[in-house]
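# Coordinates in review
Spelled out from the first residue to the last, the chains are:
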Amino acid sequence: MGAELTPRQKEQLAKLDDTITDYELVFREALPPGVRVERFLQDARNALANNPDLANVYAPSVIGGLVTCAQLNLRPHVPALGHAWLIPMKNKNADYRLDATLIVGYKGFTDIGYRDPATTLMGAYVVKEGDAFESWFDGEWHVRYKPNRRDPRRDERPTVDYFAMAKYRGELHVTEPMTHAQMVRHRNKHALTKSGGPWYQHGEFSPEFDEQGKKTMIRARLVKLLPQTIDLVTAAYADEGTRTDDDPHADIMQVTVHPGRDDDDGDAADENGGGQEQAPRPRSVIRLIAERVDGPAADQGTDEPTKAELLDALGSALTAKGVTGPAMLAYASRVLERQVNHPKELNRDEIAKVQDAVTKGLFLNGKTADAPAPQAPPAAENPPQETAQPPAAEPVPEPAHEAEPAPAPAAPEQPQGRPIGGANRATLTKLNTVFGEAGITGNDRFLWLLNNCNVQVTSTAQLTAAKADEAIAKLDRLAQARCEDLKLRIVTVWTDLGGTKDELTPAVCLWVNSNTRRRSKQPVTKLAEVSNVHLDGFLKALSADPGKGQVTPEMYRQAVAAQAQAASQ
């Protein structure tokens, strides 16, 4: 990467940059709902800037690697995140062609692991010389680990052991520890390159080697212990793999090959025939892109728009009408009279039906059919009585017809002011409080209400009393589960820092009384009196850097000693 690029390499890099731009629709399809494709495109361009050697690789392998990143929601080549990288490597099964190989980082694995709400702890750890560490096996592995954090030169000491652990659905899973010598042998056997790279470049006792060791403990050990966590298993399979197709909905484990990797248990002969090369397979979703990159395909004899193009046009039409984000799905649900959770659920006919509703202005601005009324022929029969009907909240000249229109029951879900029978202030205050206890804030509250209570609002004041009570009941359960999760994580971090469980409750209460603002001026004395918001704040203080609000057991003991000394005087 240090050599100056040749004119041909610069030209190839520019073409690859253009191709990435052309694939915007594909990346948009592959990314999870709510993730901005613009940010991903910028990350992809940063990958080219950070590693211009990608100009020399087989272009479809770069696109395939980026599609995998999009499907896994990993941001490539963002050093601060450490999710994933595309690295040029020779493919021995394709005449040693240079392909882009996806490398998933340690932080990428942990990020995926924590996306599952059932995972409350996941990590890999290095044991340094001088740390207190023991492990034993009684049908499953256990460890007792106390790092010597008071040693100012601890980070410089050699690593002696590695292990990983996760708490999934309340059950703790611990891997069999690996010694440093075992990790070196693993490196020598399985590293993709035998020189350079993080395994070799900085030596066997470097932080880079330890990062690779922690990643190995998760990918090759911990993932195999956990129940079927599909995303983690998929990421582990994609790691160190090459992909040359561009299907945003493909099964990653079916389209990824590993020409240079042998798995630990001898299962390197993957489902794709032991790593045989796969030809690129452009889909109809990216027909326009395939034309530009590969020339016209044989099956392109029709000008009919693809489903992706229809969805893109529908999204533009809704945005022009002021319907954005989760409200798009709510609008489609109302038009189709069924719950729509993702655009992929819509077939072509349903997309056309929603597009037609947008064109006619149906259900927009809180009205059911105001837009088509001026276009109705003068000789229309009885139906115009229905289309000319004012909103449900206003009086209607003929009450007998009020119950006939189907859209009427949906009136409470319209984001237009406060509904009749709306929740009172006390209920809304409780609702907003329990939202905070459940860890759901900002606009995420409205998305949660849409997904869990089937109501689309832009303010909690627009909720009916029944919907508010329903939300409170469901949030109470989430808040309780989050409370137990926060307590478990606090105990883990506190004991890792050398604290005892007997000290923990008074330490939390002391911190809350000294560092938080509460409605009640009475000091808390029990853990049950501490809110989830304050438990989360205490957990962050335990994990903070020194000088940035950090709390440690030693600091707590000093505070208690100072209080005792002040009382004695």
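Per-chain numbering applies: the sequence of each chain, read as written, is numbered from 1 onward. Restriction of local features to residues with pLDDT of at least 70 applies here, the model being predicted, together with a cutoff of 80 or more for giving and counting side-chain atom pairs; totals for whole chains, interfaces and linings are based on all residues. Heavy atoms from the whole structure form the basis of all side-chain values; hydrogens and water molecules are not counted.

### Things to note about the overall build of the protein
We count it as follows: Numbering of helices and strands runs from the N terminus; a helix is a DSSP stretch of H or I covering at least four residues, while a strand is a stretch of E covering at least two. Using a 1.4 Å probe on the protein chains alone, a residue whose accessible area is under 20% of its type maximum counts as buried, one over 50% counts as exposed, and one in between counts as partly exposed. The criterion used for residue contact is that any of the two residues' heavy atoms lie within 4.5 Å. Working definition of accessibility: Shrake-Rupley area with a 1.4 Å probe, residue cover restricted to the visible protein chains.
On a plain count of helices and strands, the protein comes out with 21 helices and eight strands. Residues classed as buried in the protein amount to 42% of the 569 residues present. A sequence separation of at least 24 residues applies to 61% of the contacts in the protein between residues at least 6 apart. Surface exposure of the protein reaches about 30,500 Å², of which carbon and sulfur atoms provide 51%.

### Topic: the pattern of salt bridges
Using the following cut-off: A pair is scored as a salt bridge if a Lys or Arg side-chain nitrogen falls within 4 Å of a carboxyl oxygen belonging to Asp or Glu.
Per the counting criterion, the structure on display carries 27 salt bridges. When the shortest N-O distance is used, the salt bridge between glutamate 350 and arginine 338 registers 3.0 Å. Linking glutamate 350 in helix α14 (residues 348-360) with arginine 338 in the loop between α13 (326-336) and α14, this pair joins segments that are 12 residues apart in sequence. Classification of glutamate 350 by relative accessible area gives buried; the value is 17%. Taking relative accessible area as the criterion, arginine 338 reaches 30% and is therefore assigned partly exposed. Between lysine 360 and aspartate 356 there is a salt bridge; the shortest N-O distance is 3.3 Å.

### Side note on the environment of glycine 549
Here glycine 549 shows up in the loop between α20 (532-543) and α21 (553-568). In contact with glycine 549, other than residues within four places in its own chain, are Ala541 and Ala544.

### Quick look at the packing of helix α12 (residues 307-320) against α14
To keep it simple, the criterion reads: Interaxial angles span 0 to 180 degrees and are taken between N-to-C directions of axes, which are lines fitted to C-alpha atoms, for helices over the stretch in contact. Any angle that falls under 35 degrees is termed roughly parallel, while one over 145 is termed roughly antiparallel, one within 65 to 115 roughly perpendicular, and all others oblique. Should the near helix be turned anticlockwise from the far one by less than a right angle, the crossing is termed left-handed; should it be turned clockwise, right-handed. Note on residue categories: nonpolar means Ala, Val, Leu, Ile, Met, Phe, Trp, Tyr, Cys or Pro, charged means Asp, Glu, Lys or Arg, and polar means any other residue, Gly included.
At their nearest, the axes of α12 and α14 sit 10 Å apart, and the two run at 20 degrees to each other. Viewed along their axes, α12 and α14 adopt a mutual orientation that is roughly parallel. Seen from above, α12 lies across α14 with left-handed handedness. Contact residues: Lys307, Leu310, Leu311, Ala313, Leu314, Ala317 and Leu318 in α12; Arg348, Ile351, Val354, Gln355 and Val358 in α14. Taken together, the residues that form the contact of α12 with α14 break down as nine nonpolar, one polar and two charged.

### Observations regarding the side chain of glutamate 437
Which entries qualify depends on this criterion: For the purpose of charge, His is not counted, nor are the chain termini; Lys and Arg are scored as positive and Asp and Glu as negative.
In this fold, glutamate 437 is placed in helix α16 (residues 425-437). Put simply, glutamate 437 is tucked away with no salt bridge, and the nearest opposite charge, on arginine 482, sits 5.8 Å away. Those residues in contact with glutamate 437 that sit more than four places away from it in its chain are Ala479, Arg482, Ser531, Asn532 and Val533.

### Observations regarding the packing of aromatic side chains
Given two aromatic rings, their pairing is described by the distance between the two centres and the angle made by the two planes. Worth spelling out the cut-off: Centres within 6.5 Å make a pair out of two Phe, Tyr or Trp rings, where for Trp the six-membered ring is used; the pair is then stacked when the planes are under 30 degrees apart, edge-to-face when over 60, and tilted otherwise.
Under the criterion given, the structure shown has 12 aromatic pairs. Consider the rings of tryptophan 494 and phenylalanine 538, whose centres lie 6.3 Å apart with planes at 35 degrees: the pair is tilted. Taken together, the residues span a long stretch of sequence, with tryptophan 494 in helix α18 (residues 465-496) and phenylalanine 538 in helix α20 at a distance of 44 residues. An identical accessibility class is assigned to tryptophan 494 and phenylalanine 538; each is buried. Following the ring pairs from residue to residue traces out a cluster consisting of Tyr125, Phe133, Tyr145 and Phe163.

### Focus: helix α3 (residues 37-50)
The condition is simple: Each helix should span, by expectation, one fewer than its residue count multiplied by 1.5 Å. Directions drawn from the helix axis to the C-beta atoms are what define this arc.
If you check α3, its first and last C-alpha atoms are 20 Å apart, about what 14 residues at 1.5 Å a residue would give, namely 20 Å. Along α3, the residues that are buried comprise Val37, Phe40, Leu41, Asp43, Ala44, Ala47 and Leu48. All buried residues of α3 project into a common sector of 160 degrees when viewed along the axis, lining one side. On its buried face, α3 is in contact with α1 (7-22), α2 (24-30) and α4 (59-72).

### Digging into α12
Note on helix geometry: an α-helix contains 3.6 residues per turn, so any two residues three or four positions apart are oriented the same way. For α12, built from 14 residues, the straight-helix expectation of 20 Å at 1.5 Å per residue is met to within 8% by its first-to-last C-alpha distance of 20 Å. Three or more residues of α12 are buried, namely Ala308, Leu311, Leu314, Gly315, Ala317 and Leu318. Directly beyond the C-terminal end of α12, a positive phi value near 85 degrees is found at glycine 322.

### Points about the pairing of strand β6 (residues 159-168)
For clarity, the cut-off: At least two bridges found by DSSP between two strands is the condition for calling them paired.
Burial of β6 is extensive: nine of the 10 residues sit out of reach of the surface. Where strand β3 (residues 119-128) and β6 come together, nine bridges link them in antiparallel fashion. When the sheet's bridge partners are listed, methionine 122 is paired in β6 with alanine 166. With two bridges joining them, β6 and strand β8 (residues 178-179) adopt antiparallel strand pairing. Looking at the pairing, aspartate 161 lines up with threonine 179 of β8. Inspection of the sheet shows β6 paired to strand β7 (residues 171-174) by four bridges, in the antiparallel sense.

### Considerations on unusual backbone geometry
At asparagine 73, a position not held by glycine, the phi torsion is positive, near 55 degrees. Relative to the helices and strands, asparagine 73 is located in the loop between α4 and β1 (84-91). Unlike most non-glycine residues, arginine 169 shows phi in positive territory, near 55 degrees. Along the chain, arginine 169 turns up in the loop between β6 and β7. By relative accessible area, arginine 169 is classed as exposed at 66%.

### Points about the pairing of strand β5 (residues 141-146)
Sheet analysis places strand β4 (residues 132-137) next to β5, joined by six bridges and oriented antiparallel. Across the sheet, tryptophan 136 pairs through a bridge with histidine 142, a residue of β5. Taken together, β4 and the strand that follows it, β5, pair antiparallel across an intervening segment of three residues, in which glycine 139 is found at a positive phi of about 105 degrees.

### A closer look at the confidence of the model for the protein
Detailed reading of the predicted model is not advised wherever pLDDT is low. Note the cut-off: pLDDT measures how confident the predictor is about each residue, on a scale from 0 to 100.
On average, residues of the protein score 77 in pLDDT, and 79% of them reach the 70 mark or higher. Confidence over residues 263-303 falls short of pLDDT 50; this stretch has 75 contacts with residues more than four positions distant or in other chains.

### Remarks on the environment of arginine 445
Heads up, the condition is: Definition of a polar contact: a pair of N or O atoms within 3.5 Å, with one able to donate and the other able to accept a hydrogen when the atoms are protein atoms, and with sequence-neighbouring residues admitted only if both atoms are side-chain atoms.
In this structure, arginine 445 sits in helix α17 (residues 444-453). Once residues lying within four places of it in the same chain are set aside, the contact partners of arginine 445 are Asn432, Phe435, Ile440 and Thr460. Within the local environment of arginine 445, its side chain forms a polar contact with the side chain of asparagine 432, the two groups lying 3.1 Å apart.

### Quick notes on the nonpolar core
Short version of the rule: Within this scheme, the nonpolar core is defined by two criteria: the residues are buried Ala, Val, Leu, Ile, Met, Phe, Trp, Tyr or Cys, and they are joined through side-chain atoms within 4.5 Å.
Ranked by internal contacts, the top residues of the largest apolar core, which has 55 residues, are Ile20, Phe27, Leu66 and Ile218. It is α4 that provides the largest number of residues to this core, a total of seven residues. Sequence-distant contacts of isoleucine 20, that is, excluding residues within four places in its chain, are made with Phe27, Leu41, Ala44, Leu48, Ile63 and Leu66. By size, the runner-up hydrophobic cluster in this structure holds 19 residues, among which are Phe538, Leu542, Val551 and Tyr556.

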